[in-house]
Amino acid sequence: SGIARESNPFLGTRAIRLCFERPEIFKPQLRAILKAASRGNVALMVPMISSLAEVRQIKELVEEVRQDLRRNEEPAGEGMQLGIMIEIPSAAVVADQLAPHVDFFSVGTNDLIAYSVAVDRANERVAPLYQPGHPAVLRLLKHVIDAGAKAGKSVSVCGEMSSDLNFTLILLGLGLRNFSVVPPSIPDLKKLIRSVSIEQAKAVAEKALTLDDGAQITEYLRSETRKYLPDAP
């Protein structure tokens, strides 16, 4: 309630931006999450992070709520993991700066791709330009996965790209070890992963990164996938 309409909400007050703007809504949520984290395995993931300043701000808010709980002698979720969704290109570019300040990354490929190539998939005129295999997208993914590995932080990938078998080999080859996928994709994904070695996946990724056209990259990945999973779509 009381949230003004925006002409372009896709680039507006979404997710953590709204939380920062409306702390009276956000803090009770944090309080509930921290109390739940004291009773079970709970990790907090923050979406729409675009800078290290926002990570610091969210950590300050979490600590503020935690202090309130401690003063009331309530469980304060000590040790709860804090991670961020990497879905804005600026966050992907500075992933090496962000990694030391969080416990894990989750790469939201749907929005990361859309923001990177400036495409609204609902717009039929530009939808063909939405390319998961775009060289820029692959370079951003590599940078994020490398940054997480260097800092010893877990990196997962979610979104349609994660469930698309044609991108499994390159994600494996780039170093990804955690896939967040839709349940129907699990059997074929497991079969494909079990059919290939890490060295083979790395070779596919290295080759794909030398190509300069998104459609060409996607077709190459599709052909490599069918070598191991002939019935792949």
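One structure accompanies this document, and this report is about it. Please read all numbers here as calculations on a predicted model, not as lab measurements. Throughout, residues of each chain are indexed from 1 in the direction in which the sequence is written. For a predicted model such as this one, the threshold for reporting local features is a pLDDT of at least 70, and the threshold for listing and counting side-chain atom pairs is 80 or more; totals across whole chains, interfaces and linings nevertheless cover every residue. Just so you know, side-chain values use all the structure's heavy atoms and leave hydrogens and water out.

**Description of the environment of valine 117**
With respect to the helices and strands, valine 117 occurs in helix 6 (residues 109–117). Judged by its relative accessible area of 19%, valine 117 falls in the buried class. Setting aside residues no more than four positions away along its own chain, valine 117 makes contact with Leu129, Tyr130 and His134. Think of it this way: any DSSP run of H or I at least four residues long counts as a helix, any run of E at least two long counts as a strand, and we number them from the N terminus. Relative accessibility thresholds used throughout: buried, under 20% of the residue-type maximum; exposed, over 50%; partly exposed, between the two (1.4 Å probe, protein chains only). It only takes one pair of heavy atoms within 4.5 Å for two residues to be counted as in contact.

**Describing the nonpolar core**
For soluble globular proteins, the rule of thumb is that nonpolar side chains tend to be buried together. Take the buried Ala, Val, Leu, Ile, Met, Phe, Trp, Tyr and Cys residues and link them wherever side-chain atoms come within 4.5 Å; each set so joined is a nonpolar core. Counting 70 residues, the largest nonpolar core has Ile16, Ile84, Ile86, Phe105 and Leu141 as its most contacted members. Apart from residues no more than four positions distant in its own chain, isoleucine 16 is found in contact with Phe26, Val46, Pro47, Met48, Ile49 and Ile58.

**Points about the sheet that holds strand 2 (residues 81–86)**
Paired strands, in this sense, are two strands between which DSSP finds at least two bridges. Read across the sheet, five strands follow the order 1-2-3-4-5 without closing on themselves; strand pairing throughout is parallel. At either margin of the open sheet sits one strand with a lone partner, and together these are strand 1 (43–46) and strand 5 (178–179). Judged from the four bridges that link them, strand 1 and strand 2 form a sheet pairing that is parallel. Looking at strand 2, one finds that valine 46 is bridged to isoleucine 84.

**Some words on the packing of aromatic side chains**
Centres within 6.5 Å are what make two rings of Phe, Tyr or Trp a pair, Trp counting through its six-membered ring; a difference in plane orientation under 30 degrees is then read as stacked, over 60 as edge-to-face, and the rest as tilted. With the rule as written, the count across this model stands at zero aromatic pairs. Any Lys NZ or Arg CZ that is within 6 Å of a ring centre and within 35 degrees of that ring's normal is treated as a charge sitting over the ring. The ring of tyrosine 130 has arginine 121 sitting right over it, with the charged end atom 4.5 Å from the ring centre.

**Side note on helix 12 (residues 214–228)**
Multiplying 1.5 Å by the helix residue count minus one yields the expected span of that helix. Taking 1.5 Å as the rise per residue, helix 12 with 15 residues should run 21 Å; its terminal C-alpha atoms sit 22 Å apart, in good agreement. By the burial criterion, the buried members of helix 12 are Gly214, Ile217, Thr218, Tyr220, Leu221, Glu224 and Thr225. One face of helix 12 carries all of its buried residues, which in axial projection span an arc of 160 degrees. In this fold, the buried residues of helix 12 make contact with helix 7 (135–151), helix 9 (168–173), helix 10 (186–195) and helix 11 (198–208). Polar contacts, as counted here, are pairs of nitrogen or oxygen atoms within 3.5 Å of one another; within protein the pair requires one atom able to donate a hydrogen and one able to accept it, and residues that are adjacent in sequence qualify only if both atoms are side-chain atoms. For helix 12, the N-terminal capping position is held by aspartate 213, with its side-chain oxygen 3.1 Å away from the main-chain nitrogen of alanine 215. Directions from the helix axis toward the C-beta atoms define the arc.

**Here's the deal with the side chain of glutamate 54**
If you trace the backbone, glutamate 54 turns up in helix 3 (residues 52–71). Arginine 17 provides the closest opposite charge to the buried, salt-bridge-free glutamate 54, at an N-O distance of 4.8 Å. Polar contacts involving the side chain of glutamate 54 include one to the main-chain amide nitrogen of serine 50, which spans 2.6 Å. Those residues within four positions of glutamate 54 in sequence are excluded, and the remaining contacts are Phe20, Met48 and Ile49. His is not counted here, nor are the chain ends, while Lys and Arg score as positive and Asp and Glu score as negative. By salt bridge we mean one thing: a side-chain nitrogen of Lys or Arg within 4 Å of a carboxyl oxygen of Asp or Glu.

**Here's the deal with the state of the cysteines**
Any pair of cysteine sulfurs within 2.5 Å is marked as a disulfide. For the coordinates displayed, the defined rule picks out zero disulfides. With no disulfide partner, cysteine 19 has as its closest neighbouring cysteine sulfur the one in cysteine 158, 17 Å distant.

**Structural notes on the pairing of strand 3 (residues 104–108)**
Of all five residues making up strand 3, five are buried, and the element is well covered by its neighbours. Here strand 3 shows no split at all, with Phe104, Ser106 and Gly108 on one side and Phe105 and Val107 on the other all buried. Where strand 2 lies against strand 3, four bridges are found, and the strand directions are parallel. Among the inter-strand pairings, isoleucine 86 is bridged to a residue of strand 3, identified as valine 107. Across five bridges, strand 3 lies against strand 4 (residues 154–158) in parallel orientation. If you follow valine 107 over to strand 4, its bridge partner there is valine 157.

**Points about the pattern of salt bridges**
Taken as a whole, this structure holds 15 salt bridges when the rule is applied. Across the pair arginine 66 and glutamate 78 runs a salt bridge, and its minimum N-O distance is 3.9 Å. Of this pair, arginine 66 sits in helix 3 while glutamate 78 sits in the loop between helix 3 and strand 2, placing them twelve residues apart in sequence. Of the residues examined, arginine 66 reaches a relative accessible area of 10% and is grouped as buried. For glutamate 78, a relative accessible area of 51% puts it in the exposed group. The residue lysine 142 makes a salt bridge to aspartate 146 at a minimum N-O spacing of 2.8 Å. With lysine 142 and aspartate 146 both in helix 7 and four residues apart, this pair spans about one turn of that helix. One network of salt bridges, in which partners are shared, links Glu63, Arg66, Arg70 and Glu78.

Keep in mind these numbers describe shape, not what the thing actually does.
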